[in-house]
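# Summary of structural features
What follows is each chain in one-letter form.
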Amino acid sequence: MQNPLLTPSARPYQWPAFDVLTADHYLEAAKLGAAEQRNELQRIIDDQGAPTFANTFLALESSGQVLRRAMMTYFSVLSAHGTEPIRAIQTEMSSIYSAQEDEIYLNQSLYSRLQALDCSQLTGEDARLAEQTLKEFKLAGADLDETQKQQLKQLNAQLSELSSQFSNRVLENQNAHAVHFDSAEELAGLSDQAIESAAQAAKQAGHSSGYLLPLVSPTQQPVLESLSDSEARRKVFSASVSRGVGENPTVQLAADMAKLRAERATLLGFANHAETVLAQATAPSTAAVEERLRELTKAATANAHKEAEVLGNIAGHEVNAWDWKYYSNQVLREQYAVDSEALRDYFELDRVLIDGVFATATKLYGITFVERFDLPTYHEQVRVFEVFDADGSPLALYTGDYLARETKKGGAWMTSLRDAASYFDERPIVTNTLNISAPAEGDPILLTLDETNTLFHEFGHALHGMFSNGQYASLSGTSVPRDFVEFPSQVNEMWVLDKQVLPGYAVHHQTGQLLDAQTISKIRAAGLWGQGFATTEYLAASVLDWAWHTISADTAIGDPVQFEQQVLEDAGFDTALIPPRYRTGYFQHIFANGYSAGYYSYIWSEVLDADTVQWFEENGGLMRENGNRFREELLSRGNTRDPLESYELFRGRTARVEPLLRRRGLVNAE
């Protein structure tokens, strides 16, 4: 049969033909699509007519549709269901993509053709597209001479290959470091359902007996909140932080990538890789980012040490890094009467999704959801919903892939299979992917409060993608500066504990009882507890990312692990007590997922988020008028105008940092 990626899908919303797609299809479509786009680029160059917006920038925007379709579909599947055949072609697919980027942005004839157009008469999205395109060319090296361009191509190819190797090894290590226990007694503290799930995981992994606790992406594993045996906690923690250091190492790959990125930055005329990233960000300078990280670190670590004293008093001894989550959960139980494990019974996935996440979106924006069962998916666990606007018109497809499995990378994310782009008559297909532990057969899927928060967060990204109302795909939805993209998703977290939202979905899965008002009040009161720890582990990861990407091309990295340790010590972090959320060896955000020199963006975006939450609270909260304003001025705009301009038009002023400091408990912290 013909490769289904070579032509637009006839299914609704151009839904991919997952029922027949193979690794060979992806690779063939990528190769043919790249060749087709090269021909399209040549036609732009060879056009003898006077340059117009239509025959330059618009022609470039329209080119490469087969390649775009193949790459969007492939990389979405790779992350969520990276089977051996899919992973086997990753390096080649990444190389095709990297080479094609060079083919476009290092093409002097194409660049000259674009520059020949007088853009001063362009307006609106046309002007924005031209401005952003020329900026991308410049940052990609279009102004380099031919010798330098060849050097840049070699660096890009090396980085593409190393990134693929890093991603593959992280997934392999995550699976290989799952922790096996011989007896159920060692898992004391976990629920009966969790223990049964661990027994099934052991069987699926080929163990004849025992229990297997899989790892997820970050340093701190969710089970550390509940395991009552300190030795069991230590085993899980040690397995988590040792990923990428011993067998199948990734730390040297990371160091090599950081060095190559520094070399590339030098070639492009920047002092370091972080400067190249900030050239397309809202943060004004590396100094501004460093200052923000420093001021927050001082306050956060002070709070964290106060929390450590509380934990030590409860434990009767100084706590270890693997003990923190366990005793912190005890504080929640004893001082705030909040038991994280017991709360799971109130957060059943379908109720959280349908009666929480979806219901909130309906109240705010008027959109509705209908599950579809007629569209084939890449895995049986994937669910598909059609989304309708307030007037009943079709808006988008939303897919949810929520359960952890061996073929899925760790963490949670949103991505797009198709964008909102009116010029292509294209409507969005957005995906949310999480890693919730699969329950034993027949048991309900129960979430922690953190996982519930994550689902709301990722759906905030989905809203950003679904509401996009622009002409061009490259300016659509979440195609905004990296230190702005987390802002809409963080805002959507505000509804998790909202008094109008929570009673609708926080229902005991067995008794049908609502989560009682007293417990809800205690959860809210406990909100500041643990902020010292959470902010510190996040900031440590941000500082680590920044350190790797502010090195110069001539920086010598002898031992990557020692480099990491020295950086964190110099910044004032006690890593023996609170290690970074991600260590170098499994920091996929920055070495595989496009967040290099950008992990700071979460806290940078949170300034906007906290200020926006304050606006909602001042203006009546969960109301259609508020949702419509947020949608119109921010969520629908994508990168069709400067995102900070969008924010100021929405808020009526620039953002203030005080709401964030109050939220994080950093006001008056010493």
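The preceding data block contains the structure.
For clarity, every value in this text was computed on a predicted model and none was experimentally measured. (Residues numbered from 1 in each chain as written. Predicted model: local features only at pLDDT ≥ 70, side-chain atom pairs only at ≥ 80, totals over all residues. Heavy atoms only, no water.)

### Description of the overall build of the protein chain
Definition in use: Note on conventions: DSSP H or I runs of at least 4 residues are helices, E runs of at least 2 residues are strands, and numbering of each starts at the N terminus. Here the radius of gyration uses the C-alpha set of atoms, whereas the globule reference equals 2.2 Å times the residue count to the power 0.38. For each residue, the accessible area found with a 1.4 Å probe, counting protein chains only, is set against the maximum for its type, and the residue is called buried under 20%, exposed over 50%, and partly exposed in between. Whether two residues are in contact is decided by their heavy atoms, any of which lying within 4.5 Å being enough. Surface accessibility in these figures is a Shrake-Rupley result with a 1.4 Å probe; residues are shielded only by whichever protein chains are displayed. None of His or the chain ends enter the tally, which takes Lys and Arg as positive and Asp and Glu as negative. We put the charge of a Lys on NZ, of an Arg on CZ, of an Asp on CG and of a Glu on CD.
Within the protein chain, the regular secondary structure consists of 27 helices and seven strands. Scaling as 2.2 N^0.38, a compact globule of 670 residues should have a C-alpha radius of gyration of about 26 Å, and the protein chain matches this with 25 Å. In the protein chain, buried positions account for 58% of the 670 residues. Intrachain contacts of the protein chain at a sequence separation of at least 6 include 75% that bridge at least 24 residues. Here the protein chain has roughly 26,700 Å² of accessible surface; of this, 47% comes from carbon and sulfur atoms. Between the centroid of the 55 positive side chains of the protein chain and the centroid of its 91 negative side chains there is a distance of 3 Å.

### Section: the pattern of salt bridges
Put simply, the rule is: Any carboxyl oxygen of Asp or Glu within 4 Å of a side-chain nitrogen of Lys or Arg constitutes a salt bridge here.
Following the criterion strictly, the structure yields 33 salt bridges and no others. Two residues, Glu-92 and Lys-31, come together in a salt bridge whose shortest N-O distance is 3.3 Å. Placement of the pair is Glu-92 in helix 5 (residues 90–105) and Lys-31 in helix 1 (residues 23–46), with a sequence separation of 61 residues. The closest approach of N and O atoms between Glu-231 and Arg-234, which form a salt bridge, is 2.6 Å. Highlighted residues: Glu-231 and Arg-234, both in helix 10 (residues 230–241), separated by three residues, approximately one helical turn. Residue Glu-231 is classed as partly exposed on the basis of its relative accessible area of 39%. A relative accessible area of 30% means that Arg-234 is categorised as partly exposed. The structure contains a network of salt bridges with shared partners spanning Arg-68, Arg-418, Asp-419 and Glu-426.

### Side note on the pairing of strand 6 (residues 413–418)
Heads up, the condition is: If DSSP finds at least two bridges between two strands, the strands pair.
Counting buried residues in strand 6 gives five out of six residues, a clear majority hidden from the surface. Looking at chain direction, strand 6 and strand 7 (residues 429–436) are connected through five bridges and run antiparallel. From the neighbouring strand, Ser-416 faces strand 7, where its bridge partner is Val-430.

### A word on the environment of Ser-238
Positionally, Ser-238 belongs in helix 10. A residue is classified by how much of its surface remains accessible, and Ser-238, at 27% relative accessible area, is partly exposed.

### As for helix 26 (residues 643–651)
Inclusion rule: The arc in question is formed by the directions pointing from the helix axis toward the C-beta atoms.
When we look at burial in helix 26, the residues that qualify are Pro-643, Ser-646, Tyr-647, Phe-650 and Arg-651. Seen from one end, helix 26 has its buried residues packed into an arc of 115°, which puts them on one side. Looking at the buried side of helix 26, the elements it contacts are helix 7 (124–140), helix 18 (482–492), helix 24 (601–618) and helix 25 (624–635). Positive phi appears at Gly-652, one or two residues downstream of helix 26, with a value of about 85°.

### Digging into the sheet that holds strand 5 (residues 394–403)
The condition is simple: Axis lines are fitted through C-alpha atoms, for helices just across the contact stretch, and the angle between N-to-C directions can take any value from 0 to 180 degrees.
Pairing in this open sheet of five strands is mixed, and the strands run 3-4-5-7-6 from one edge to the other. Both outer strands of the open sheet, strand 3 (368–372) and strand 6, are each paired with one neighbouring strand and no more. This sheet shows a mean twist of 30° between the axes of neighbouring strands, independent of strand direction. In the packing of helix 16 (residues 349–365) onto the sheet, the strands contacted are strand 3, strand 4 (383–388), strand 5 and strand 7, and the crossing angle to strand 4 comes to about 20°.

### As for the packing of helix 1 against helix 6 (residues 108–115)
Applicable threshold: For this classification, under 35 degrees means roughly parallel, over 145 means roughly antiparallel, 65 to 115 means roughly perpendicular, and everything else is oblique. Each crossing is labelled by how the near helix is turned from the far one, with a counterclockwise turn of less than a right angle marking it left-handed and a clockwise turn marking it right-handed.
Contact pair helix 1 / helix 6: the axes reach a minimum separation of 9 Å and the direction vectors enclose 50°. Between helix 1 and helix 6, the interaxial angle falls into the category oblique. Taken as a pair, helix 1 and helix 6 cross one another with a handedness that is left-handed. Within the contact between the two elements, helix 1 uses Leu-41, Ile-44 and Ile-45 and helix 6 uses Ser-109, Leu-110 and Arg-113.

### Let's talk about the nonpolar core
Note the cut-off: In these notes, a set of buried Ala, Val, Leu, Ile, Met, Phe, Trp, Tyr and Cys residues joined through side-chain atoms within 4.5 Å is what counts as a nonpolar core.
Counting 150 residues, the largest nonpolar core has Tyr-398, Leu-455 and Phe-459 as its most contacted members. Tallying contributions element by element places helix 21 (residues 531–548) first for this core, with ten residues. In this structure Phe-459 touches Val-357, Phe-358, Ala-361, Phe-369, Tyr-398, Asn-432, Met-466 and Asn-492, once residues within four positions along its chain are discounted.

### Brief notes about the side chain of Glu-451
Quick note on the threshold: Under the rule applied, a polar contact is a pair of N or O atoms within 3.5 Å (in protein, one hydrogen donor and one hydrogen acceptor; residues adjacent in sequence only if both atoms are side-chain atoms).
Within the secondary structure, Glu-451 is located in helix 17 (residues 449–466). The buried charged residue Glu-451 lacks any salt bridge partner; its closest oppositely charged side chain belongs to Arg-344, at an N-O distance of 4.2 Å. Among the polar contacts listed, one links the side chain of Glu-451 to the backbone nitrogen of Thr-448, at a separation of 2.9 Å. Leave out the neighbours within four places in its chain, and Glu-451 touches Arg-344, Leu-434, Asn-435, Ile-436 and Leu-446.

### Side note on the packing of aromatic side chains
What describes a pair of aromatic rings is the distance from one ring centre to the other and the angle between the planes of the rings. Here is the rule we go by: Pairs were defined over the aromatic rings of Phe, Tyr and Trp, the Trp ring being its six-membered one, requiring ring centres within 6.5 Å. Orientation was assigned from the angle between planes: stacked under 30 degrees, edge-to-face over 60, tilted for the rest.
In the structure shown here, the tally under the stated rule is 44 aromatic pairs. A ring pair is formed by Phe-358 and Phe-369, whose centres lie 3.8 Å apart and whose planes are at 5°; its orientation type is stacked. Highlighted residues: Phe-358 in helix 16 and Phe-369 in strand 3, separated in sequence by eleven residues. The same class applies to Phe-358 as to Phe-369, namely buried. Measuring from ring centre to ring centre gives 5.2 Å for Tyr-538 and Tyr-599, while their planes differ by 40°; the resulting arrangement is tilted.

### Notes on the packing of helix 8 (residues 146–176) against helix 11 (residues 251–267)
To keep it simple, the criterion reads: When residues are sorted by character, Ala, Val, Leu, Ile, Met, Phe, Trp, Tyr, Cys and Pro go into the nonpolar class, Asp, Glu, Lys and Arg into the charged class, and all the rest, Gly among them, into the polar class.
Relative to each other, helix 8 and helix 11 sit at 155°, their axes nearing to 10 Å. By the angle between their axes, helix 8 is roughly antiparallel relative to helix 11. For the element pair helix 8 and helix 11, the recorded crossing hand is left-handed. Across from Gln-148, Gln-151, Leu-152, Leu-155, Asn-156, Gln-158, Leu-159, Leu-162, Ser-163, Gln-165, Phe-166 and Arg-169 in helix 8, the residues of helix 11 making contact are Leu-253, Ala-254, Asp-256, Met-257, Leu-260, Arg-261, Glu-263, Arg-264 and Leu-267. Partitioning the contact of helix 8 with helix 11 into residue classes produces ten nonpolar, six polar and five charged.

### Some thoughts on the environment of Thr-575
Within the element layout of this structure, Thr-575 appears in the loop between helix 22 (560–570) and helix 23 (588–591). The class for Thr-575 is buried, based on a relative accessible area of 15%. Spatially, the C-alpha atom of Thr-575 lies 8.9 Å from that of Glu-537, the residues being 38 residues apart in sequence. Residues contacting Thr-575, with those up to four places away along its chain left out, are Gln-565, Leu-568 and Pro-580.

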